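Coordinate inspection notes
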Amino acid sequence: MAFTKQRREILNIINNSCKHLTAEEIYRLAQTEGSRPALGTVYRNLNLLAEQGLIRRLCVSGQPDRFDRNIAPHEHIICSVCGHICDINIPDFKPCLPRTEWTVTGFELTLSGICPECRKHGKEIRNTDPYIKNQT
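Residues numbered from 1 in each chain as written. Predicted model: local features only at pLDDT ≥ 70, side-chain atom pairs only at ≥ 80, totals over all residues. Heavy atoms only, no water.

Once that is clear, we can look at the pattern of salt bridges. Taken as a whole and judged by the stated rule, the model has two salt bridges. Residue Asp65 is joined to Arg57 by a salt bridge in which the shortest nitrogen-to-oxygen separation is 3.1 Å. With a relative accessible area of 27%, Asp65 lands in the partly exposed category. The partner of Glu117 in a salt bridge is Lys120, with the nearest N and O atoms 3.9 Å apart. A residue pair is termed a helical-turn pair when its members lie 3 or 4 positions apart in one helix, as Glu117 and Lys120 do in helix H4 (residues 116-120) at three residues. (Salt bridge = Lys/Arg side-chain N within 4 Å of Asp/Glu carboxyl O. Buried < 20%, exposed > 50% of the residue type's maximum accessible area, 1.4 Å probe, protein only. Helix = DSSP H or I, 4+ residues; strand = E, 2+ residues; numbered from the N terminus.)

What follows is about the sheet that holds strand S1 (residues 21-22). With antiparallel pairing, three strands are arranged side by side in an open sheet as S1-S3-S2. Of all strands in the sheet, those with a lone pairing partner are S1 and strand S2 (56-58), marking the two edges. (Pairing = 2+ DSSP bridges.)

The nonpolar side chains of a soluble globular protein tend to be buried with one another. In this structure, Ile10, Ile14, Ile26, Leu46, Ile55 and Phe67 are the most contacted members of the largest nonpolar core, which totals 14 residues. Where this core is concerned, the elements lending two or more residues are helix H1 (5-15), helix H2 (23-33) and helix H3 (39-51). Dropping the residues within four chain positions of it, Leu46 is found in contact with Ile10, Ile14, Ala23, Ile26, Ile55, Arg57 and Phe67. (Core = buried A, V, L, I, M, F, W, Y, C linked by side-chain atoms within 4.5 Å. Contact = heavy atoms within 4.5 Å.)

Attention now moves to the packing of H1 against H3. It is at 10 Å that the axes of H1 and H3 come closest, and there the two elements cross at 75°. If you check the angle between H1 and H3, you find them roughly perpendicular. Of the residues in H3, those in contact with Gln6, Arg7, Ile10, Leu11 and Ile14 of H1 are Thr41, Val42, Asn45, Leu46, Leu48 and Leu49. When the residues that make up the contact of H1 with H3 are grouped by side-chain class, the tally is seven nonpolar, three polar and one charged. (Axes fitted to C-alpha atoms, helices over the stretch in contact; angles between N-to-C directions. Parallel < 35°, antiparallel > 145°, perpendicular 65-115°, else oblique. Nonpolar A, V, L, I, M, F, W, Y, C, P; charged D, E, K, R; others polar.)

Okay, H2 next. Those residues of H2 that sit buried are Ala23, Ile26, Ala30 and Gln31. Taken end-on, H2 shows its buried residues confined to a sector of 145°, consistent with a single buried face. Residues of H2 that are exposed and point over 90 degrees away from its buried face: Arg28 and Thr32. Packing partners of the buried residues in H2 comprise H1, S1, H3 and strand S3 (66-68). (Arc of directions from axis to C-beta.)

Now for the sheet that holds strand S6 (residues 109-113). Taken in spatial order, the three strands line up as S5-S4-S6 in an open sheet, and their pairing is mixed. Sheet topology places strand S5 (85-88) and S6 at the edges, where each strand pairs with a single neighbour. Sheet twist, expressed as the average angle between the axes of neighbouring strands with direction ignored, equals 25°. Two elements, strand S4 (residues 75-79) and S5, share four bridges in a ladder whose sense is antiparallel.

Here H3 contains 13 residues, and its C-alpha end-to-end distance of 18 Å stays within 8% of the 18 Å for a straight helix at 1.5 Å per residue. When we look at burial in H3, the residues that qualify are Thr41, Val42, Asn45, Leu46, Leu49 and Ala50. All buried residues of H3 lie within an arc of 160° about the axis, which places them on one face of the element. In H3, the exposed residues that point more than 90 degrees away from the buried face are Arg44 and Glu51. Within two residues after H3, Gly53 carries a phi angle of roughly 80°, on the positive side. (Expected span 1.5 Å × (residues − 1).)

Following this line, the structure appears as structure tokens:
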């Protein structure tokens, strides 16, 4: 894969961000960087970068995909109200994987909850899962 100026710029935007950016956010940031790629170009490059394993795509139900600079296996927690995503570390998670004859080559774990900022403002969601009780 050739590294065009726009592809390098998109990768730099992701690598220089502490956030898990959406394609739209990356597009807006790229517009201020000077090369001004089209939105379709941003999407195509994000797909290529994710396929090549240079960035990680986070798929969250009901939200746009996010892109992570950290490609190592790690866990995330996502606010169910505002969609904010944070990396979290669960050091003893791997031993919890089922003992099988499978060779585990990777994993993804995503927790959901309500971030401190949303709780501070009294925002909450109503959970539709009857097995999980709503917490305030």
